Amino acid sequence: MDHRQLETVIVGGAGKTGKRVAQRLSARGVPVRLASRSSARPFDWNDERTWPAALRGAQALYLTYFPDLAAPGAAERIGTASRLAAESGVERIVLLSGRGEHQVWLSERAMRDAGVPFTIVRCAFFAQNFSEGHLLEPILHGELTLPGGNVSEPFVDVEDVADVVSAALTDARHQGQIYDLTGPRLLTFSEVCAEITRASGRAVSYRSVSRDAYAAALAQVMPAEDVPFIVDLFVHVLDGHNSLLTDGVQRALGRPPRDFSAYAQGAAAAGAWKS
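Description of the structure in this document. (Residues numbered from 1 in each chain as written. Predicted model: local features only at pLDDT ≥ 70, side-chain atom pairs only at ≥ 80, totals over all residues. Heavy atoms only, no water.)

### Quick word on the packing of helix α7 (residues 189–200) against helix α11 (residues 260–269)
Now for step 1: Viewed as axis vectors pointing N to C, α7 and α11 meet at an angle of 40°, and their least axial separation amounts to 8 Å. Taken together, α7 and α11 sit at an angle that is classed as oblique. In the crossing of α7 with α11, the sense of the turn from one axis to the other is right-handed. Contacts between α7 and α11 involve V192, E195, I196, A199 and S200 from the former and F260, S261, A264, Q265 and A268 from the latter.
Now for step 2: Tallied by class, the residues present in the contact of α7 with α11 amount to six nonpolar, three polar and one charged. (Axes fitted to C-alpha atoms, helices over the stretch in contact; angles between N-to-C directions. Helix = DSSP H or I, 4+ residues; strand = E, 2+ residues; numbered from the N terminus. Parallel < 35°, antiparallel > 145°, perpendicular 65-115°, else oblique. Left-handed = near helix turned anticlockwise from the far one by under 90°. Contact = heavy atoms within 4.5 Å. Nonpolar A, V, L, I, M, F, W, Y, C, P; charged D, E, K, R; others polar.)

Given below as structure tokens:
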């Protein structure tokens, strides 16, 4: 266990994992600085001029990339930011990555090549996407539409992700580790909707659609140039190759991961699905 509390910069501090990691570190007395486009020292992945000031003084760094680590250009930006962090004196990097996505390997390698001690946290589909993310609106309308067929996914609770990241940022025993994080069981999207229905009392169903139909739906709510990447990512992630459980949470924390039903009950009690 480390005896020093490393001043930590969280890139993406307003995101699902970033804000939870910040809360955990602050509760432990770890100095934390959030870095985003709206922070006091702004950090914009699309503007390298913002990076030096945002990273200055950091001793530990939590890197999350927007829109996704598999996106074109991500590896180059991750590599540049990681080298800058090394030059700035950062002693530890934790990178949020995707599980079962070969597209992210270039970004992971670019971060590792910077030479800073690291931990990589590869995550399954977040449970909180149904209550805090882009899938909340369809849930509130009673129908979840995705190109997922009957595939099963080991949805991971973001609270577990934040616990693992916080541990990696504060304990050198996690250096050099790659943790694949999943929940404790596989669920189809139909079963997810049934869990949310039971927890919330709101009737929610799932409808599987084709790739083209999903692209057409996305085109109504986002810029047309972003649609192909999002569709490709969903189709790849939901092709069945991720339908297996891993022990990453147990290895990192010494306890089992949280179950989806506990997440759904907590989200419902917090009013996530009240319209």
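### A few points about the pattern of salt bridges
Now for step 1: One pass over the full model with this rule turns up 20 salt bridges.
Now for step 2: R258 serves as the salt-bridge partner of D160, at 2.4 Å between the closest nitrogen and oxygen. Pair noted here: D160 is in helix α6 (residues 158–170) and R258 is in the loop between α10 (248–253) and α11, with a separation of 98 residues, a long-range link.
Now for step 3: Since its relative accessible area comes to 32%, R258 is described here as partly exposed.
Now for step 4: D247 is paired through a salt bridge with R251; the nearest N and O atoms lie 3.6 Å apart. (Salt bridge = Lys/Arg side-chain N within 4 Å of Asp/Glu carboxyl O. Buried < 20%, exposed > 50% of the residue type's maximum accessible area, 1.4 Å probe, protein only.)

### What about the pairing of strand β1 (residues 8–11)?
Now for step 1: Taking every second residue as pointing to the same face, both faces of β1 are buried, with T8 and I10 on one and V9 and V11 on the other.
Now for step 2: By the bridge criterion, four bridges tie β1 to strand β2 (residues 32–35) in an arrangement that is parallel. Looking at β2, one finds that V9 is bridged to R33.
Now for step 3: Of the pairings in the sheet, the one linking β1 to strand β3 (residues 60–63) comprises four bridges and is parallel in character. Note that in β3 the partner of I10 across the bridge is Y62. (Pairing = 2+ DSSP bridges.)

### Description of the environment of R28
Now for step 1: Looking at the secondary structure, you find R28 in the loop between α1 (16–27) and β2.
Now for step 2: For the pair R28 and Q5, spaced 23 residues apart in sequence, the C-alpha to C-alpha distance is 8.9 Å.
Now for step 3: Other than its neighbours up to four places away in sequence, R28 contacts Q5, S166, A167 and T170.
Now for step 4: A polar contact of 2.8 Å, which involves the side chain of R28, links it to the side chain of T170. (Polar contact = N/O pair within 3.5 Å; in protein donor to acceptor, adjacent residues only side chain to side chain.)

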